[in-house]
Amino acid sequence: QFARQADDIADEGDESVECRMKNLELFENTFSKSLEGKFQNDFWFALYNTIHEFNLTPKYFFDLLGAFKQDISKTRYHSFNEVLNYCERSANPVGRIVLEFFDIRDDDSKRYSDAICTALQLTNFYQDVSIDIIKDRIYIPLNEIERFGVKLNQFELKQNNTNFEQLLKFQVDRTKDYFSIGRNLFLRLPGRLEKQIKATVLGGEKILEKIEKINFNVLIHRPKLSIIDF
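Position numbers for residues count from 1 along each chain, tracking the sequence in the order it is written. With pLDDT at 70 or above as the cut-off, local features in this predicted model cover only qualifying residues; side-chain atom pairs require 80 or more to be listed or tallied, and sums for whole chains, interfaces and linings still use all residues. Computation of side-chain values covers all heavy atoms of the structure but excludes hydrogens and water.

> So what's going on with the packing of helix α6 (residues 92–101) against helix α7 (residues 107–127)? Which residues, and what values?
Under this scheme, a helix contributes an axis fitted over its contacting stretch, all axes are lines through C-alpha atoms, and angles between N-to-C directions fall in the 0 to 180 degree range. Numbering of helices and strands runs from the N terminus, with a helix taken as a DSSP run of H or I at least four residues long and a strand as a DSSP run of E at least two residues long. One way to put it is that α6 packs onto α7 with a least axis distance of 8 Å and a crossing angle of 135°. Taken together, the axes of α6 and α7 lie oblique to each other. Crossing angle aside, the handedness with which α6 passes α7 is right-handed. Note on element contacts: α7 touches α6 through Ser109, Lys110, Ser113, Asp114, Cys117 and Thr118, opposite Asn92, Gly95, Arg96 and Leu99. Oblique is the label for any angle not under 35 degrees, not over 145, and not in the 65 to 115 range, which are roughly parallel, roughly antiparallel and roughly perpendicular in turn. Two helices crossing with the near one rotated counterclockwise from the far one by less than a right angle form a left-handed crossing, whereas a clockwise rotation gives a right-handed crossing. Contact criterion: two residues are considered in contact whenever any of their non-hydrogen atoms come within 4.5 Å of each other.

Below you can see the structure in the form of structure tokens.
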């Protein structure tokens, strides 16, 4: 619910950039006050209670808010390191919070969890290329777009060609490597959580497979899971 509310502030409606940023800052301030025991409503009390009961790390919640702010202010990424920096705040904190609910806090588990969450975030980027461009967002690094000879206006014009296909293949292959590293987390999880995380990883890998099957033409097609896939 915390993430849903913040995401709606950042992405939904027709508010200006300035207004969205202001509303996110108000949301962040309300969260900070709740950590001090000052609650605007029952939701903030429930969140405070959960954070303390399970000894969750508040920084991960602030990291998520930082990513939502970045979605408002940044629409291009010059390098893959910039994309990874975004994933470290937009996706990885979610996995770490889940681990903390089960009191899993060792560095290796966090590293494998980060690999899974980053891979899922990257997969979502490539799945949603056709949607993000409408919002004037491109999460594929500009230096890699240039390296593969792709023009930025191809995204807006939805022009697929061999260069674009090779660009996306490079992105997909790299993401598979992150999933592969993340699979080391499975044996560190209790039974039911292990099954849930496995299913989540399989879902992400299936999306990558579907991207390959449409010859990486995500400018026109948005692959998604079907009932049969589930």
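Now, onward.
> Can you tell me about helix α12 (residues 191–213), naming the residues and giving the values?
Each residue after the first adds 1.5 Å to the expected span of a helix. With 23 residues, α12 should cover 33 Å at 1.5 Å per step; its first-to-last C-alpha distance of 33 Å lies within 8% of that length. When α12 is considered as a whole, its buried residues turn out to be Leu193, Glu194, Ile197, Val201, Gly203, Gly204, Ile207, Leu208 and Ile211. Of the surrounding secondary structure, the elements contacted by the buried residues of α12 are α6, α7 and α11 (162–182). In this scheme, a residue with accessible area under 20% of its type's maximum is buried, one over 50% is exposed, and one in between is partly exposed, where area comes from a 1.4 Å probe on protein chains only.

> I'd like to hear about empty space enclosed by the protein, residue by residue, with values.
Points on a 1 Å grid over protein atoms alone make up a cavity when a 1.4 Å probe fits among them but cannot get out, and a pocket when they form an open set with protein on both sides within 12 Å along at least five of seven lines; lining residues each have an atom within 4 Å of a point. Grid points are joined across faces, edges and corners, and a volume is the space filled by probe spheres set on the points. Summed over all chains, the structure comprises one cavity of 30 Å³ or more. Quantified by volume, the largest cavity comes out at close to 80 Å³. Residue lining of the largest cavity: Phe125, Tyr126, Val129, Asp132, Ile133, Arg137, Ile138, Tyr139, Ile140 and Phe155, and that is the complete set. Residues that form the lining of the largest cavity fall into these classes: eight nonpolar, no polar and two charged. When residue character is reported, Ala, Val, Leu, Ile, Met, Phe, Trp, Tyr, Cys and Pro are called nonpolar, Asp, Glu, Lys and Arg charged, and the others, Gly included, polar.

> Go over the packing of aromatic side chains with me, naming the residues and quoting the values.
The aromatic pairing rule takes the rings of Phe, Tyr and Trp, using the six-membered ring of Trp, and pairs them if the centres are within 6.5 Å, calling planes under 30 degrees apart stacked, those over 60 edge-to-face and the rest tilted. For the coordinates displayed, the defined rule picks out 20 aromatic pairs. With a centroid separation of 5.3 Å and an interplanar angle of 85°, the aromatic rings of phenylalanine 2 and phenylalanine 61 are classed as edge-to-face. Taken together, the residues phenylalanine 2 in helix α1 (residues 2–11) and phenylalanine 61 in helix α4 (residues 58–73) connect sequence positions 59 residues apart. Both residues of the pair, phenylalanine 2 and phenylalanine 61, count as buried. For lysine 74, the ring lying beneath its charged end belongs to tyrosine 77, and the centroid distance is 5.1 Å. A ring has a charge above it when a Lys NZ or an Arg CZ is no more than 6 Å from the ring centre and no more than 35 degrees off the ring normal.

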